[in-house]
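In case you want the letters, here they are:
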Amino acid sequence: MVSLFEMMAEFEGVAGRLAARRMSDQERETLTEKYKTCEFYARRGDRENYHLANNAFHVTIYEGSHNHYLIAHASSLYERLAPYRLYELNRAGELMRMHDEHGRITEAIVQRDGELAYRLLKEHTSLDSDLLGDLMATLGDSRASFST
């Protein structure tokens with residue numbers, strides 16, 4: 001799992017850097033709309049719909065890279081890690097924290113600051129060791145309850 005998140009963070013960062021350089025004005029507007037959709041669900045505490053909107057936000061960045069290999073691989077890896085991301089949304093304050101990060105990412109891309117977009121996206125998608133520990137402990141508890 002750690003290796004997958006290391007690759008995801010790099011894919012996200014590179015996609016952000018390229019999107020900041022390559023997105024059309026219309027694509028930047030679309031990204032801003034995806035950000036606003038995430039906000040709508042974050043403010044309501046709607047984790048399930050936020051999760052779907054979050055996927056659309058990230059896919060918009062991948063597509064904005066205009067690199068077909070990156071789009072394919074980042075999208076595939078995003079889907080593989082989706083259950084972890086959904087679990088992550090259960091932490092108190094997580095929806096708004098993620099949304100705040102999306103705001104900074106959106107601004108960097110709209111302002112065409114590729115290096116900032118790279119750094120923000122890499123940080124945004126890096127593995128949180130505390131959360132991984134919580135997830136592993138929860139999985140351990142569920143396995144124990146199934147075996148007894």
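Note that this is a predicted model, so its numbers are computed, not measured.

Rules and cut-offs
Residues numbered from 1 in each chain as written. Predicted model: local features only at pLDDT ≥ 70, side-chain atom pairs only at ≥ 80, totals over all residues. Heavy atoms only, no water. Helix = DSSP H or I, 4+ residues; strand = E, 2+ residues; numbered from the N terminus. Expected span 1.5 Å × (residues − 1). Buried < 20%, exposed > 50% of the residue type's maximum accessible area, 1.4 Å probe, protein only. Contact = heavy atoms within 4.5 Å. Phe/Tyr/Trp six-rings, centres within 6.5 Å; stacked < 30°, edge-to-face > 60°. Lys NZ or Arg CZ within 6 Å of the ring centre and 35° of its normal. Axes fitted to C-alpha atoms, helices over the stretch in contact; angles between N-to-C directions. Parallel < 35°, antiparallel > 145°, perpendicular 65-115°, else oblique. Left-handed = near helix turned anticlockwise from the far one by under 90°. Nonpolar A, V, L, I, M, F, W, Y, C, P; charged D, E, K, R; others polar. pLDDT = per-residue confidence, 0-100. Core = buried A, V, L, I, M, F, W, Y, C linked by side-chain atoms within 4.5 Å. Salt bridge = Lys/Arg side-chain N within 4 Å of Asp/Glu carboxyl O.

A short note on helix 1 (residues 2–22)
Along an α-helix, a turn takes 3.6 residues, which lines up residues three or four apart on a common side.
Thinking step 1. Between its first and last C-alpha atoms helix 1 spans 30 Å; for 21 residues at 1.5 Å apiece the expected length is 30 Å, and the two agree.
Thinking step 2. Among all positions in helix 1, only Phe5, Met8, Ala9, Glu12, Gly13, Ala15, Gly16, Leu18, Ala19 and Ala20 are buried.
Thinking step 3. Those residues of helix 1 hidden inside the fold are in contact with helix 2 (25–44), helix 3 (47–64), helix 4 (68–88), helix 5 (94–110) and helix 6 (114–125).

Overview of the packing of aromatic side chains
Thinking step 1. Using the criterion set out here, one finds 2 aromatic pairs in the structure.
Thinking step 2. For the ring pair Phe5 and Tyr84, a centre distance of 4.7 Å and an interplane angle of 70° mean the geometry is edge-to-face. With Phe5 in helix 1 and Tyr84 in helix 4, the pair connects residues that are 79 residues apart, well separated along the chain.
Thinking step 3. Between Phe40 and Tyr41, the aromatic rings sit 5.1 Å apart at their centres with planes inclined by 80°, giving edge-to-face as the arrangement.
Thinking step 4. Classification of Phe40 as partly exposed rests on a relative accessible area of 41%.
Thinking step 5. Over the ring of Tyr118 we find Arg17, and its NZ or CZ is 4.2 Å from the ring centre.

Let's talk about the packing of helix 3 against helix 5
Thinking step 1. Direction vectors running N to C along helix 3 and helix 5 enclose 20°, while the axes themselves pass 12 Å from each other. Put simply, helix 3 runs roughly parallel to helix 5. Considering how the two elements wind past one another, helix 3 and helix 5 form a crossing that is left-handed. In this structure, helix 3 contributes Arg47, Tyr50, Asn54, Phe57, His58 and Ile61 to the contact, and helix 5 contributes Leu95, Met98, His99, His102, Ile105, Thr106 and Ile109.
Thinking step 2. The residue makeup of the contact of helix 3 with helix 5, split by class, is 7 nonpolar, 5 polar and 1 charged.

Some remarks on the confidence of the model for the chain
Thinking step 1. Residues with a pLDDT of 70 or more make up 86% of the chain, whose mean pLDDT is 88.
Thinking step 2. Here helix 7 (residues 129–147) stands out as the least confident element of the chain, with mean pLDDT 55; helix 2 is the most confident, with 97.

Thoughts on the nonpolar core
A general trend in soluble globular proteins is that nonpolar side chains are found buried together.
Thinking step 1. Met8, Tyr50, Phe57, Ile61, Tyr62, Ile105 and Ile109 are the most contacted members of the largest nonpolar core, which totals 31 residues.
Thinking step 2. Counting residues per element, the ones that place at least two in this core are helix 1, helix 2, helix 3, helix 4, helix 5 and helix 6.
Thinking step 3. It is helix 4 that provides the largest number of residues to this core, a total of 7 residues.
Thinking step 4. Leaving out residues up to four positions away in the same chain, Phe57 has contacts with Leu31, Lys34, Tyr35, Cys38, His102, Ile105 and Thr106.

Remarks on the pattern of salt bridges
Thinking step 1. Applying the stated criterion across every chain yields a total of 8 salt bridges.
Thinking step 2. A salt bridge links Glu10 to Lys122; its shortest N-O distance comes to 2.6 Å. Of this pair, Glu10 sits in helix 1 while Lys122 is found in helix 6, placing the two residues 112 residues apart along the sequence.
Thinking step 3. Of the residues examined, Glu10 reaches a relative accessible area of 28% and is grouped as partly exposed.
Thinking step 4. Where Asp25 meets Arg112, a salt bridge forms, and the shortest distance between an N and an O atom there is 3.1 Å. One end of the pair, Asp25, is in helix 2; the other, Arg112, is in the loop between helix 5 and helix 6, and 87 residues separate them in sequence.
Thinking step 5. Among the residues examined, Asp25 registers a relative accessible area of 52% and is labelled exposed.

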